[in-house]
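# Breakdown of the fold
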Amino acid sequence: MRRRHTMSQLPRAKYVLADRGKHLRTPSGPRHSRSDPAPEPAPELAPRRRRIFSVKWVLLVLFGLFLLGAASLGVAFAMVSVPQPNDLANAQASIIYYAGGKTEMARISEVNRESVPLSQIPPHVQHALLAAEDRSFYQNNGVSPSGIARAVVVALKGGPTQGGSTITQQYLKNYFLTQDQTVSRKAKEFIISIKIDKQESKDTILTNYLNTIYYGRGAYGIQTAAKAYFGHDAAKLTIAEGALLASVIRGPSFYDPDLGPTQKAKATARMNYVLDGMVTQGWLSAQERAKVRFPDTLKTSGPRRSGTVGYITNEVKMELTNKLHLSKDDIDRGGLRIVTTISKKAQDSAVKAVARNLPSQKNTDLAKQLHVGLTAVRPGDGAIVAMYGGSDYGKRPFNNATEATMQGGSTFKVFGMLAAAQKDISTKTKYDGRSPQYFPEFVGKNEPRGKVTNFGFESFGRMTLRNALADSVNTVFAQLNIDLTDGGKSATEVKDAAILAGLPKPCPGTKPSRSCTLGLGNNMSNIFGTASPHVIDMANAFATIAAQGRRATPYLITKVTSVDGRIPDFEVKTKVTETFDKKVTADVTEAMTRVVTDGTGKAARALDRPAAGKTGTATDNKAVWFDGFTPQLAAAVGIVQGEGTKQITVDNIGEVTGGGLPTKIWTAFMKGALKGEEVKDFPRRVGLGDSRLPPPPPIPTKTTPPTATPTSTPTSTPTSTSSPTGTPTTPQPTTSDPTRPEPTRTRPTKPGPTLTVPPTAGAGQKAPAASAAP
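Thresholds applied
- Residue indices begin from 1 for each chain and proceed along its sequence in written order.
- Restriction of local features to residues with pLDDT of at least 70 applies here, the model being predicted, together with a cutoff of 80 or more for giving and counting side-chain atom pairs; totals for whole chains, interfaces and linings are based on all residues.
- To obtain the side-chain values, all non-hydrogen atoms of the structure were included, while hydrogens and water were left out.
- Two strands are said to pair when DSSP picks up at least two bridges between them.
- Numbered from the N terminus, helices here are DSSP runs of H or I no shorter than four residues, and strands are runs of E no shorter than two.
- Working rule for contacts: check all heavy atoms of both residues, and any pair within 4.5 Å makes them a contact.
- Orientation is described by axes fitted as lines to C-alpha atoms, over the contacting stretch for helices, and by angles from 0 to 180 degrees between their N-to-C directions.
- We call a pair of cysteine sulfur atoms a disulfide when they lie within 2.5 Å.
- A simple rule labels every residue: compare its accessible area, found with a 1.4 Å probe on the protein chains alone, to the largest value its type can have, and call it buried under 20%, exposed over 50%, or partly exposed in between.
- For this analysis, a ring pair means two rings from Phe, Tyr or Trp (six-membered ring only for Trp) whose centres lie within 6.5 Å, classed as stacked if their planes differ by under 30 degrees, edge-to-face if by over 60, and tilted for the remaining angles.
- For a ring to carry a charge above it, either NZ of a lysine or CZ of an arginine must fall within 6 Å of the ring centroid while also lying within 35 degrees of the normal to the ring plane.
- Each salt bridge in this description consists of a side-chain nitrogen of Lys or Arg and a carboxyl oxygen of Asp or Glu lying within 4 Å of one another.
- What pLDDT conveys is the predictor's confidence in a given residue, as a value from 0 to 100.

### Some thoughts on the sheet that holds strand S17 (residues 570-571)
Pairing is mixed in the open sheet, where five strands are placed in the order S5-S4-S8-S16-S17. Unpaired on one side and paired on the other, strand S5 (104-108) and S17 mark the two borders of the sheet. Summarising the sheet, strand S4 (residues 94-97) and S5 pair through four bridges and their orientation is antiparallel. Opposite isoleucine 96, over in S5, you have alanine 106 as the bridge partner. Strand contacts of helix H12 (residues 309-322): S4, S5, strand S8 (336-340) and strand S16 (557-562), with the helix running at about 60° to S5, the strand carrying the most contacts.

Below is the structure:
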């Protein structure tokens, strides 16, 4: 018989009225109607057993979560790999050096960084950094869980970003990751930091950190920071200097003492914290700590102005691209060490020569400002020793030495002399120097009668080529060009001589280019410098003469290396070609010395050493030149005003010619560039073509002495004049041998108005386009 329980025997059973009182529900049973028999009540559960059951479930859940988290961490650890260093991590400044590779000239970089090994960083500088950023660096495993947790919590709450990272984590952020402060980046940083700490030594991490951290003043890395703040290498940093640099990395704009008293006060407090930490860690004694004083720092220069060096820097970049075929990234980030041909002594002399001789242009209208280009080349080698492209590349990024084209003027008469010597035309050959003269070969659109005039309409008698070069006599060189072409219409000899000397070939059109010479043609007037070369090309052409006919290709870079070896090393190989016979250049050089000793360039006598050169003044004085050389150095100086389309005039000076400002600048430059150098002389004149000259007239034999006349003065007695120094001097004969007058070369008579002076031609007439000034 089934046992039944009464209601009194089930005191803990609870009935629930449901369905409008028609059904009763037990805690664990189904619904029953009132007519159904009552269900059996569930057995009573002990409270202790229920608590044990609940704790087990909690532990199981927690264990499951732990396993899930461990599995997720393991998967993440396996999936997250150490990335390659970011683009800027290995980027280093490319440094340009003066000749010799010791003195820094400039830097080319997106990031101003110069990495150094840990061995070049003093231990007290390393300890200062550890005291400031991570005192347990050599003990921890690369991460700070509390710091990361704090940063994550703050980030989730939307608060300001937090740091709290170890040096390993900061190194990771700078070297591999980005500067983003996000939860995902922090998680990734945590995993990679552990891996990096296992893969790399602590010293490697510290070295990379010191070379990548930003110190302010545009300096990345300890080496560049040491130079920016103290002007010397990191190896020479003192305890105080190291402590200051360790302090400023927390926030350069808040701790750079040069930014103001507030920043200096913060830097002082931070330095004290760093130094005290060094004492606490046993890296610095209390006695040494007491002696440390706040260090003196260099003044911040702000954004660096390009100045005159900017033109050289740009030329170096172009040579790296065009000759070494390096990309912009290679140049900007490759950590190149570039040794140039530029002599610091010569370059400083070029800058001073222009600054001291060029009239002040502070209040001068831009259209009237003078623009100077100067280039110096080592003869027989091609090395560019100095280059002045302008006063400030940042303000006017147009190089007057390599990009500007200036009408050559009378400097091209030298190329006529070279062509003549090649044809055995003696430099002692005489021509008629009267002005004006008329030549059918010079008839043209601008001069229908073929008139050629001398500068200032000055007339000369019969004179030798070398003396005509000294005085820059146009009518003489017009006759020379006619002789060179045998009376023809195509004057190729002067053009060819200019190209052999070093000028680039003619430009195909009217558009100027670095690789060609604008306007270099076969016209008869080419001997007057109607072409418009670059200053650097004229310097190289005259260097060929100085090198006794050996033409070299100009270059600016002698050596290139990279700090990481990614870019192959480079060393220059000079290119030299024999273009003129030594006899040719010897005779032409001797003639050019007369320009300096007693010609239009006599201002260059102040150099006080043998020099040869030629002045040049373009048509209507639109450009002025002096190009010259000593045996060791050739240099060209060209000047234009404004855009080079108007006559050059300067207040308080008036008309400017080649014998004025250009010669003074050239002379001042050469004096400084050659200071301390040996004084050398030029080769002796050979006398090409002298044997073809007509014999000199006989010297008459006098049988009786002349009768002295007390009241008359002999015509042979020279007149005493004053030299530039004020010392009376006696004029010398124009011939090298006073007993043998220089012979005259007789030119064939030509039909037409040649050598005929119309009565209407006189002083005051304007010089035509076919004329050239000294």
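Anyway, onward from the coordinates.
### A closer look at the state of the cysteines
Inspection of every chain in the model, using the stated rule, returns one disulfide. A sulfur-sulfur distance of 1.9 Å marks the disulfide that ties cysteine 507 to cysteine 516. With the S-S dihedral at roughly 85°, the linkage between cysteine 507 and cysteine 516 falls on the right-handed side. For the residue pair cysteine 507 and cysteine 516, the accessibility class agrees, reading buried in each case.

### Section: unusual backbone geometry
With an omega of 0°, the peptide bond running from serine 435 to proline 436 counts as cis. Relative to the helices and strands, proline 436 resides in the loop between strand S11 (430-432) and strand S12 (437-438). Even without being glycine, aspartate 424 reaches a positive phi, approximately 60°. The residue aspartate 424 is located in the loop between helix H15 (413-422) and S11 in this model. Residues other than glycine seldom take positive phi values, yet phenylalanine 457 does so here, at roughly 60°. Among the structural elements, phenylalanine 457 can be located in the loop between strand S13 (451-452) and strand S14 (462-464).

### Some words on the packing of aromatic side chains
This model, assessed by the stated rule, comprises 10 aromatic pairs. Following the ring pairs from residue to residue traces out a cluster consisting of Phe412, Phe415 and Phe542. Positioned over the ring face of tyrosine 273 is arginine 135, at 4.6 Å from the centre of the ring. The aromatic ring of phenylalanine 137 is capped on one face by lysine 202, whose charged end is 4.6 Å from the ring centroid.

### Section: the pattern of salt bridges
Side chains carrying opposite charge are able to pair once their charged atoms draw close together. For the structure shown, the criterion picks out 20 salt bridges. When the shortest N-O distance is used, the salt bridge between aspartate 258 and lysine 299 registers 3.6 Å. Of this pair, aspartate 258 sits in the loop between helix H9 (252-255) and helix H10 (261-280) while lysine 299 sits in the loop between helix H11 (286-291) and H12; the two residues are 41 residues apart in sequence, bridging distant segments of the chain. In this structure, the salt-bridge partner of glutamate 590 is arginine 685, at a minimum N-O distance of 4.0 Å. With glutamate 590 in helix H20 (residues 582-598) and arginine 685 in the loop between helix H21 (661-673) and strand S24 (721-722), this pair connects stretches of sequence that are 95 residues apart. Connected through salt bridges with shared partners, the residues Glu104, Arg107, Glu114, Lys227 and Asp233 form a single ionic network.

### Things to note about the confidence of the model for the protein
When pLDDT is averaged across the protein, the result is 79; 69% of the residues are at 70 or more. Low pLDDT (under 50) marks residues 5-35, which in the prediction has 33 contacts with non-local residues, meaning those over four places away or in another chain. Here residues 79-85 is modelled with pLDDT under 50, and outside its nearest four sequence neighbours on either side it reaches 18 contacts, counting other chains as well.

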